[in-house]
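# Results of the structural survey
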Amino acid sequence: MSQIAEEIDIEVIVAKLPQEEYIVGYGTQNIKFEVGTESHDPSGFVFELAGLDVTDANNSIAGVDISVFLPGEYTVVLRSNTFTDLEDTATLIVVKVEFVYAEGENEGEVIEADLGVFTPCSGVNAGVPIYDTPDTCLSFDFENLSTNSLDDVDLEYFYSCTNLTETGNDTLVFTNAGFTLTVFDSLLNDSNVLELARVSVTDFSSGITNAQYNCWETSASSLSFENEPTGIIISLSDLNSNIVDTMAIDICSMQGDFSFNLTETLSKSCCFQTTGISASILAASTLTPNADSLHLALSDFGLYSNTVFAVTETGSQTKIFKNFDDPVPTSLSDIEVPDFLAWKVKIHGFSDPEKVSSLVLSTSVHEYEAMTFTANTFSLISDQKFIIVPEDVTLEDVPSGYEIIKIDAVQIDWTDEDAEDLTLSFEEYAFLNISGCTKTKKVQPDAVVLQSLPWKHRVGQGLDPENRIRKPYIAMGYSAIRDYNASVSDTLNKYIKGKQLWYSMSHGGLADGTPYSQFNGLAFVDGGITKTQLEPLDLNYRLVVADACCSAHSSQVSVYEARTSSTLTQKARDFADCFGPDVGYMGWGWMMTPIAAQIWSSEFVNNLKFVDDLGRGRTIQEAHSVFLGNHTNDNDARLMKVYGNVNVNIEKRME
C-alpha cells in the first residue's frame, strides 16, 4: 500500500493590473509570477513578496520557493521600473492541506500513518485473489552478442533444454540437430530498455516448423527472453473422427482480448478455421477419458503465425482447455468495524469557506468533488467524514454516515511475482479562489485524458497516462481532466464537450476483432464510442491522440502495407473527422501493444512542447517527423499516423 502524503502546499494568486491584465502565480513549491503581454514596460517590472525583491535576472518573471512559508496571507507587489509610482498589489495565501482523524480520541489530529482501507467484517474472499501466469512456451538466453564471432544461445522450448550455435557471423540463426531458432530483430544490445524480439522456432522431433513468437527481454541488458504472456481458453465440441467438430477460443494478450468460433475444415483433420484465424491441434486424434493436454498452433496472418501453445483440460472430459489456472480466492482475518479509519480534510491558511471553489479527492478509479467546509480557527475542516473502500466491496457492508472513496481492488502482473497486489494512488488537488482581487475566473478544463482498459487484465498493467500524457498537456498550458477507468456514458456526457485536446487509451473497435476488418471506433470497457455517437456533439478539438489498435487504420491487407501507407481508410477518416473541422488526429495504422503505443504517444506529445530554437511549439506534422527521425530502425514506429489539420502547433505559450 502506498504511503499517503501528510501535507501538500498549494497556492494560487491572481492580481489585477491597471491595464486590466492579470498576473498569475502557480505551483506548489516554486511559485511563478508572470506579467501579461499587454502590460509592457521596456525597463521591466519588480516583484516583491512579503517585502522581499524576488525579481529574476530578466526583470520580468520571478520564481520563489515558498515551501518554507507558514500558512497565511502574504502581500505581492508588482512595480514598474520606468514609473516607480505605478504598482499593484495582491494577496498570496499559502495553504497546507492535511488528513486528520474524523472521530475517536485522536479526532482532529494529523494522521501520521497510512490511511486505512475498510474491510468487511467477515473477511471471506475479501483478500486479493491469487492469479496464475499463462505458461511460458519459449525462453532463450544469450551469453553475449558479438559481431565478429559465432554466438551461442541456451533454448528451452516446451520443457526441452538445449544449446544452439549461430550458423554464421551476425546471421542470428541458431541451430543444432534438433532445433532451429531464428531471430528477426537485430537490435538486441540496448542496455537501457526491455527489448522485443520476433523469433521463429523449429522443433524437428515434435513436428513444429517455423512457429513464430513475440518475446520480451526479462530485464534490461539481460539478453534473456521469454515469449509474450498469452492466455488461451478453448472449448471443443469433441475430436470425433466421423464428424466436423467446432472450437470456441478466447485469447487474452498484450494486444487485447479476442474471441472466435471456428469449424473443423474436414472431419479428423484437427484443423479449425474462421475468417482471419486458424487453429490446429498437433498430434491429437481423439480425446481420452482423462484430462488431456494438447498443443495448439495459431495463425492469423499478423499477430500469430503457426504460434504453438500448450493447453490442459480443466477436468476429465470437460473439453475445456486452458494454459493458466482460475484465480484462487483468498480471505482476510475478521476485522471489527470500529477498527477502520475515518478521516477528514483540513486546510490551514484561511477560514472563509466561500474562497474554496473546488477540491478533488482522486484515486485511479474514483473522484470525489462534493466537499464542503466549516471554519475552524484560521483553518477549514471538511464537513464530510471519509473512508477508503475497495471498489468490489458490497456497499451494503459499509456503515452509514461516511463518504466512500473507492480504490482499485485488484491488479495482476503476469511478469512480476513480487509486485504488490494492492496499490493505493491517492492524489490531492485543491483549486482555491483566494486572491484579494476584484475579478477572478475559475479555470475550465480544456483537455481530457482517458484510459479504458480492464485493470484486472495484463493488458492494462504498466500504463502511466498521468505522467506520460497528462503532465505534458499541463506543461503546455492546458487544464486536463482525467479518468483512468473511463466509461462510455461518463465520457460522452461529462468529459467530451468543450475540450481542445483528447487522449484515450483503449482497444480499437474492429468488426471481427482483427486488423483485416473495418475500424468502427474506440472500444471502452463498457461499450464503443463510434462515429454515430460523436457526430451530433458538434465537437471542435485541436488534437486527438487515440491510443487504440487501428485507430488510424491505413491497411486491411498486412502490417507491412500499413507501415508504408500514409492514407487512412475511409472508416478511420470518418471517425477522426467527428472530432471537429480543425482537428489534428494521431493514431495507429495497425495493431499495437498498449505500453509501446503509450510510450511512443508520450514522445510525440512531448515533441509538441515549446522549442527555444523555434520560438514556438512544433506543429503536429513536425512532431511526427521528429518522432520518425528518432526511430529510423523501428519498423513499427511507422505505424504512427497523423491526419487532418496537422500544420498547427498547440503549445499555449505562443498564444
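Located above this text is the structure these notes cover.
Residues numbered from 1 in each chain as written. Predicted model: local features only at pLDDT ≥ 70, side-chain atom pairs only at ≥ 80, totals over all residues. Heavy atoms only, no water.

## A few points about the overall build of the protein
To keep things clear, this is the line we draw: Counting from the N terminus, the helices are the DSSP runs of H or I reaching at least four residues and the strands are the DSSP runs of E reaching at least two. Residue contacts are counted whenever heavy atoms from the two residues lie within 4.5 Å of one another. Note on areas: these come from Shrake-Rupley sampling with a 1.4 Å probe, and a residue is covered only by the protein chains present in the view.
Looking only at helices and strands, one finds 7 helices and 44 strands in the protein. A fraction of 61% describes how many contacts in the protein between residues 6 or more apart in sequence connect residues 24 or more apart. Taken as a whole, the protein presents about 29800 Å² of accessible surface, with 48% of it coming from carbon and sulfur.

## Topic: the packing of helix H1 (residues 465-475) against helix H6 (residues 594-607)
Working note: a packed helix pair is described by the angle between its axes plus the distance between those axes. Rules: Orientation is described by axes fitted as lines to C-alpha atoms, over the contacting stretch for helices, and by angles from 0 to 180 degrees between their N-to-C directions. We call two directions roughly parallel when the angle between them is under 35 degrees, roughly antiparallel when it is over 145, roughly perpendicular when it lies between 65 and 115, and oblique otherwise. Left-handed is the label given to a crossing in which the near helix is rotated counterclockwise from the far helix by less than a right angle, and right-handed is the label when the rotation is clockwise. Classes in brief: Ala, Val, Leu, Ile, Met, Phe, Trp, Tyr, Cys and Pro nonpolar; Asp, Glu, Lys and Arg charged; the others, Gly included, polar.
Interaxial distance between H1 and H6 falls to 9 Å at its minimum, and their mutual angle equals 15 degrees. Comparing their axes, H6 and H1 come out roughly parallel. The two elements H1 and H6 cross, and the hand of that crossing is left-handed. Listed contacts from H6 to Pro 465, Arg 468, Ile 469, Pro 472 and Tyr 473 of H1 are Gln 598, Ile 599, Ser 601, Ser 602, Val 605 and Asn 606. Along the lines of polarity and charge, the residues of the contact of H1 with H6 split into 6 nonpolar, 4 polar and 1 charged.

## Topic: the side chain of Asp 292
Note the cut-off: Burial status follows relative accessibility: with a 1.4 Å probe on protein chains alone, a residue under 20% of its type maximum counts as buried, one over 50% as exposed, and anything between as partly exposed. The charged-residue count follows a simple rule in which Lys and Arg add positive charge and Asp and Glu add negative charge, with His and chain termini not counted at all. Salt bridges are counted wherever a side-chain nitrogen of Lys or Arg sits within 4 Å of a carboxyl oxygen of Asp or Glu. The term polar contact refers here to a pair of N or O atoms within 3.5 Å; inside protein, the definition further demands a hydrogen-donor-capable atom paired with an acceptor-capable atom, and it admits residues adjacent in sequence only when both atoms are side-chain atoms.
Turning to its location among the elements, Asp 292 is positioned in the loop between strand S22 (277-282) and strand S23 (293-299). No salt bridge is formed by the buried Asp 292, whose closest oppositely charged neighbour, Lys 319, lies at an N-O distance of 9.8 Å. Among the polar contacts listed, one links the side chain of Asp 292 to the side chain of Thr 288, at a separation of 2.6 Å.

## Here's the deal with the packing of aromatic side chains
The description of two aromatic rings rests on the distance between their centres and on the angle between their planes. To keep it simple, the criterion reads: Any two of the Phe, Tyr and Trp rings considered here, Trp counted by its six-membered ring, make a pair once their centres fall within 6.5 Å; the pair's planes then place it as stacked at under 30 degrees, edge-to-face at over 60, or tilted in between. Definition used: whenever NZ (Lys) or CZ (Arg) falls within 6 Å of the ring centre and also within 35 degrees of the ring normal, the charge is taken to sit over that ring.
Counted under the stated rule, the structure contains 18 aromatic pairs. Joined through ring pairs, the aromatic side chains of Tyr 157, Phe 158, Tyr 213, Tyr 304 and Phe 309 make up one cluster. Sitting over the face of the ring of Tyr 478, Lys 652 holds its NZ or CZ atom 4.6 Å from the ring centroid.

## A word on the pattern of salt bridges
All told, the structure shown has 10 salt bridges when counted by the stated rule. Across the pair Lys 652 and Asp 446 runs a salt bridge, and its minimum N-O distance is 2.5 Å. Of this pair, Lys 652 sits in the segment after strand S44 (640-644) while Asp 446 sits in the loop between strand S33 (427-432) and strand S34 (447-451), and the two are 206 residues apart along the sequence. Taking the relative accessible area as the measure of exposure, Asp 446 reaches 11% and is therefore buried.

## Side note on the sheet that holds strand S35 (residues 480-483)
Pairing between the strands of a sheet comes from backbone hydrogen bonds, and it takes one of two forms, parallel or antiparallel. To keep it simple, the criterion reads: Note on pairing: DSSP must find at least two bridges between two strands before they are called paired.
One open sheet holds the 6 strands; their spatial order is S35-S34-S36-S40-S41-S44, and the pairing between them is mixed. On the outer flanks of this sheet lie S35 and S44, each paired with one strand and no other. Ignoring strand direction, the axes of neighbouring strands in this sheet form an average angle of 10 degrees. In the sheet, strand S36 (residues 501-505) pairs with strand S40 (residues 543-547) via 5 bridges, with the strands oriented parallel. When the sheet's bridge partners are listed, Ser 504 is paired in S40 with Ala 546. H1 contacts S34, S35, S36 and S40 of the sheet and is inclined by roughly 175 degrees relative to S34. Most of the contacts of helix H7 (residues 620-629) go to S44, to which it runs at about 165 degrees, and overall it touches S40, strand S41 (584-588) and S44.

## Looking at unusual backbone geometry
Phi is positive for Leu 172, which is not a glycine, with a value near 55 degrees. Summarising the element assignment, Leu 172 is placed in the loop between strand S12 (160-166) and strand S13 (173-175). You will see that Lys 319, though not glycine, has its phi angle at about 65 degrees, which is positive. Mapping Lys 319 onto the fold places it in the loop between strand S24 (307-313) and strand S25 (320-322).

## Some thoughts on the packing of H6 against H7
Remark: H6 packs on H7, axes separated minimally by 8 Å, with the N-to-C direction vectors making an angle of 130 degrees. Taken together, the axis directions place H6 and H7 in an arrangement best described as oblique. In the crossing of H6 with H7, the sense of the turn from one axis to the other is right-handed. Within the contact between the two elements, H6 uses Trp 600, Glu 603, Phe 604 and Asn 607 and H7 uses Ile 620, Ala 623, His 624, Val 626 and Phe 627.

## Some words on the pairing of strand S21 (residues 271-274)
Of the strand pairs in this sheet, S21 and S22 are connected by 4 bridges, and their pairing is antiparallel. Paired with Phe 272 across the strands is Ala 279, a residue of S22. Hairpin geometry of S21 and S22 is characterised by an intervening segment of 2 residues between the two adjacent antiparallel strands and by a positive phi of about 90 degrees at Gly 276.

## So, the nonpolar core
Definition in use: Among the buried residues, those of types Ala, Val, Leu, Ile, Met, Phe, Trp, Tyr and Cys that are joined through side-chain atoms within 4.5 Å form a nonpolar core.
By size, the foremost hydrophobic cluster in this structure holds 119 residues, and its most contacted members are Tyr 157, Tyr 213, Tyr 473 and Phe 604. Excluding its chain neighbours within four sequence positions, the residues that come into contact with Phe 604 are Leu 543, Val 545, Met 586, Ile 620, Ala 623, His 624, Met 640 and Val 642. Ranked by size, the runner-up nonpolar core spans 20 residues in total, among them Val 97, Ile 347, Met 371 and Ile 407.

## Side note on H6
Selection rule: Each helix should span, by expectation, one fewer than its residue count multiplied by 1.5 Å.
Between its first and last C-alpha atoms H6 spans 20 Å; for 14 residues at 1.5 Å apiece the expected length is 20 Å, and the two agree. Among the residues of H6, Pro 594, Ala 597, Gln 598, Trp 600, Ser 601, Ser 602, Phe 604, Val 605 and Asn 607 are the ones counted as buried.

## Some points on the environment of Ser 253
Within the secondary structure layout, Ser 253 lies in strand S19 (residues 246-253). Each C-alpha atom of the pair Ser 253 and Pro 229 lies 6.6 Å from the other, and the pair is 24 residues apart in sequence.

## Thoughts on the state of the cysteines
Put simply, the rule reads: Disulfide assignment relies on a single distance test, namely cysteine sulfur atoms paired within 2.5 Å.
According to the stated counting rule, one finds 0 disulfides in the structure shown. Cysteine Cys 270 remains unbridged, with the sulfur of Cys 271 as its closest cysteine sulfur at 7.1 Å.

## Points about the sheet that holds strand S15 (residues 196-203)
The strand order S10-S11-S12-S13-S14-S15-S16-S17 describes a closed barrel built from 8 strands, whose pairing is antiparallel. Strand-to-strand twist in this sheet, taken as the mean axis angle between neighbours without regard to direction, amounts to 30 degrees. Here 5 bridges tie strand S14 (residues 179-183) to S15, and the two strands are oriented antiparallel to one another. In the strand pairing of S15, Val 183 is matched with Val 199.

## Focus on the side chain of Asn 214
Mapped onto the fold, Asn 214 is located in strand S16 (residues 208-217). Asn 214 gets classed as buried once you look at its relative accessible area, which sits at 17%. A polar contact of 3.3 Å, which involves the side chain of Asn 214, links it to the side chain of Arg 198. Excluding residues that lie within four positions of it along the chain, Asn 214 makes contacts with Leu 196, Ala 197, Arg 198, Glu 226, Asn 227, Glu 228, Gln 255 and Leu 303.

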